[in-house]
There are 2 protein chains.
Amino acid sequence: MTTAEATSGTGDERGPLFSPVERETVQDRVYATLRRALICGLLEPGRILTIRGLADQLATSTMPVREALGRLISEKALEALPNRSVRVPPVTLERIDDLVHVRTLIEGEAIAMAATRMNEADVSRVRTILLEWDRFRNLADQDDFDNEMTLNQRFHFEIYRCSGSAVLLPMIESLWLQSGPCIREAAYAFSAAGEADTAHCHRIIVEALAARDPEAARAALAADISRPFKTLRTRLKAQKADKP
Amino acid sequence: MTTAEATSGTGDERGPLFSPVERETVQDRVYATLRRALICGLLEPGRILTIRGLADQLATSTMPVREALGRLISEKALEALPNRSVRVPPVTLERIDDLVHVRTLIEGEAIAMAATRMNEADVSRVRTILLEWDRFRNLADQDDFDNEMTLNQRFHFEIYRCSGSAVLLPMIESLWLQSGPCIREAAYAFSAAGEADTAHCHRIIVEALAARDPEAARAALAADISRPFKTLRTRLKAQKADKP
DNA sequence: ATTTTTGATCTGTGATCACACTTGCTTTGA
DNA sequence: TCAAAGCAAGTGTGATCACAGATCAAAAAT
């Protein structure tokens, strides 16, 4: 028996001595793993995933995997084929344009809402992420895509969270899940120059947020979103012209 | 052996003699049932759903039910409580405003895109649904909410489908799933006058579409969306003032 | 040599069971 | 009479199994 329990019978009157213990199911862990792989672009478009294969790789049974796959399919992050097999959706020109269009619409609205609602603490928290990113990029020169994507994600979602919309956030997450595999294909194209561009874009975004200018923030974000897709678009066109 | 198989070995060169046989899993049927109940507002907000209870009602085992619930939760149509129980999300003032805002943004964009892409056949198909609706309303005077909601859904999604965006459509479906339980609470409020208003709104929408006017269509749709939510909003405020 | 058939293997689906946790009621004690 | 401990029913989670459909490769027939 601990001191806390000895001094107070139930231990709920004297402030939060213990934080609630986190309960993480296997299904949640599988889902988080696949989600992270998808967003970071570790899974190439068109690849077919099997329940048993994933269960073996993740060292679990098939049950948590099939439920995690079901969730990802209903979020449109994966695709269910009529053969009952599941694959990560292939990228096409139409899909790219569609994704860019919808992302600028929705994430643009989210950042515009955030711009009018953020206080000093919110802005400085976003600034901190940007600084952390700069420090990381200067220290480690190796291509650590995983960390790069994580920092990028934290930057954007820290802003979107300030929009205060509980409906928009899950939609943006679904959009990132869908554009993750596409981004990956373009990621190699601008490893050196692209990162500088991204940093520049993000600085403009932060300035617009600090100035509480919704439309400037929306425009800056639109540029940030469409840039990687543009390189992917030209590359896909070249591929198509190569072998029709 | 059928005649078709006798005349042609594989039967795939001479046009579509047979349409592909539909393979509907139990899980899909459970999902469709719950989805329909949610959109039509048969499940009141805050109600707790149990896997075994639903499995008994639907006369299946627990497995298809839990996967269907998982899908609906990841679409934000249902809510997973920390107790590991699942309920239909309660409605609050903030949630209503949030839903109306996002729906006008997204569905407005979809209808604006559709207005520039619809051809004569598309417009006439939408008109047909409206006529069918009028006929139904004149014939059957009983309050058949189920059919009413189905017709309304067909009208809207026939338009949205013409937007050509494979990314927007699932999002709109998710939004309808989320606002279904809310609408139900308001549905009784305008059973008589509301239907006339709805019909009027929809006629304006069709006119805007026929005129290929994106902004007029967007404005008309915004009015159509916000109307039921407005009555719900005033009712909720009254409830709140009644017993704080 | 090409095509068809047949068989084995793999995969998803759904049922059943064991386990851990929650919840609500009953019982027991003050 | 009331509150706390204890028990019992219920619930979600994950594993295992049986079954049906899909896939692919080898063998047989043309």
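Everything discussed here concerns the structure shown above.
Presented here is a report on the structure given in the accompanying data block. These numbers were taken from a predicted model, which means no experiment stands behind them.

**So, helix H5 (residues 93-117) of chain A**
Part 1: With 25 residues, H5(A) extends 36 Å between its outermost C-alpha atoms, agreeing within 8% with the 36 Å of an ideal straight helix rising 1.5 Å per residue.
Part 2: Among the 25 residues that make up H5(A), 19 are buried, leaving the element largely enclosed by the rest of the structure.

**Looking at the protein's contact with DNA strand C**
Part 1: Lining the immediate environment of DNA strand C, one finds 15 residues, of which Ile51(A), Arg52(A), Arg66(A), Val26(B) and Ser61(B) sit closest.
Part 2: When the atoms of DNA strand C within 4 Å of the protein are sorted by group, sugar and phosphate make up 50%.
Part 3: Within the side chain of Arg52(A), one N or O atom sits 2.8 Å away from a base nitrogen of DNA strand C.
Part 4: Note that a phosphate oxygen of DNA strand C is positioned 2.5 Å from one of the backbone N or O atoms of Val26(B).
Part 5: Where the surface near DNA strand C is concerned, the elements lending two or more residues are helix H3 (51-58) and helix H4 (62-74) of chain A together with helix H2 (26-40) and helix H4 (62-74) of chain B.
Part 6: When its residues are assigned to classes, the surface near DNA strand C shows six nonpolar, five polar and four charged.

**Quick look at the pattern of salt bridges**
Part 1: Tallying each qualifying case throughout the model produces 33 salt bridges over all chains.
Part 2: Among the ionic contacts, a cluster of salt bridges with common partners joins Asp122(A), Arg125(A), Glu158(A) and Arg161(A).

**Focus: the sheet that holds strand E2 (residues 79-80) of chain B**
Residues and elements named next belong to chain B.
Part 1: Taking strand neighbours across the sheet as the criterion, the three strands line up as E1-E3-E2 in an open arrangement whose pairing is antiparallel. The outermost strands of the open sheet, each flanked by one partner alone, are strand E1 (48-49) and E2.
Part 2: In the sheet, E1 pairs with strand E3 (residues 86-87) via two bridges, with the strands oriented antiparallel. Bridging from a neighbouring strand, Leu-49 pairs with Val-86 of E3.

**Here we look at the side chain of Asp98(B)**
Part 1: Positionally, Asp98(B) belongs in helix H5 (residues 93-117).
Part 2: The contact partners of Asp98(B), leaving out residues within four places of it in the chain, are Gly164(A), Ser165(A), Ala166(A) and Val167(A).

**Remarks on the side chain of Arg227(B)**
All names here are of chain B.
Part 1: For Arg-227, the location among the structural elements is in helix H10 (residues 214-242).
Part 2: Judged by its relative accessible area of 17%, Arg-227 is buried.
Part 3: A distance of 3.4 Å separates polar atoms of two side chains, one belonging to Arg-227 and the other to Asp-224.

**Quick word on the sheet that holds strand E3 (residues 86-87) of chain A**
Residues and elements named next belong to chain A.
Part 1: Strand order in the open sheet formed by three strands is E1-E3-E2, with antiparallel pairing between adjacent strands. Whereas interior strands pair on both sides, the edge strands pair on one side only; in this sheet they are strand E1 (48-49) and strand E2 (79-80).
Part 2: As paired strands, E2 and E3 are joined by two bridges and run antiparallel to one another. Bridge pairing links Glu-79 to Arg-87 in E3.

**Examining the environment of Asp28(B)**
All names here are of chain B.
Part 1: Checked against the element boundaries, Asp-28 lands in helix H2.
Part 2: In the structure, Asp-28 is positioned 40 residues away from Ala-68 in sequence and 7.4 Å away in space, judged by C-alpha atoms.
Part 3: Among the polar contacts listed, one links the side chain of Asp-28 to the side chain of Arg-71, at a separation of 3.5 Å.

**Quick look at the relation of the copies chain B and chain A**
Both copies of the chain are related by one operation, a rotation about an axis with a shift along it.
Part 1: When chain B is fitted to chain A, the best match, at an RMSD of 0.0 Å, comes from turning it 180° and sliding it 0.0 Å along the axis. Classification of the inter-copy transformation places it as that of a two-fold axis. The C-alpha atom lying nearest the rotation axis in chain B is that of Arg71(B); the distance is 2.6 Å.
Part 2: Of the interface residues in chain B, 100% have counterparts in chain A that sit at the interface too, so the contact is made through matching surfaces.

**Concerning the packing of aromatic side chains**
To describe a pair of aromatic rings, you give the distance between the ring centres and the angle between the ring planes.
Residue and element names in this part refer to chain A.
Part 1: What the rule picks out here adds up to four aromatic pairs over all chains.
Part 2: Ring geometry for Phe-157 against Tyr-160: centres 5.7 Å apart, planes inclined by 80°, an arrangement best described as edge-to-face. In this pair, Phe-157 and Tyr-160 are both assigned in helix H7 (residues 145-161), three residues apart and thus about one turn of the helix distant.
Part 3: On the accessibility criterion, Phe-157 (14% relative accessible area) is buried.

**So, the interface of chain B and chain A**
Part 1: Taken together, the contact pairs 30 residues of chain B with 30 residues of chain A.
Part 2: The interface formed by chain B and chain A contains two salt bridges.
Part 3: Across the contact surface, chain B and chain A share 11 residue pairs in polar contact (both at pLDDT 80 or more).
Part 4: Counting only elements with at least two residues in the side of chain B that touches chain A, the list comes to H4, H5 and helix H8 (168-187) of chain B.
Part 5: Top contributing element to the side of chain B that touches chain A by residue count: H5(B), with eight residues.
Part 6: Counted by class, the side of chain B that touches chain A contains 13 nonpolar, eight polar and nine charged residues.

Criteria and thresholds
Residues numbered from 1 in each chain as written. Chains lettered and ligands numbered in written order. Predicted model: local features only at pLDDT ≥ 70, side-chain atom pairs only at ≥ 80, totals over all residues. Heavy atoms only, no water. Helix = DSSP H or I, 4+ residues; strand = E, 2+ residues; numbered from the N terminus. Expected span 1.5 Å × (residues − 1). Buried < 20%, exposed > 50% of the residue type's maximum accessible area, 1.4 Å probe, protein only. Near = heavy atom within 4 Å. Polar contact = N/O pair within 3.5 Å; in protein donor to acceptor, adjacent residues only side chain to side chain. Nonpolar A, V, L, I, M, F, W, Y, C, P; charged D, E, K, R; others polar. Salt bridge = Lys/Arg side-chain N within 4 Å of Asp/Glu carboxyl O. Pairing = 2+ DSSP bridges. Contact = heavy atoms within 4.5 Å. Least-squares fit on C-alpha atoms with pLDDT ≥ 70 in both. Phe/Tyr/Trp six-rings, centres within 6.5 Å; stacked < 30°, edge-to-face > 60°.

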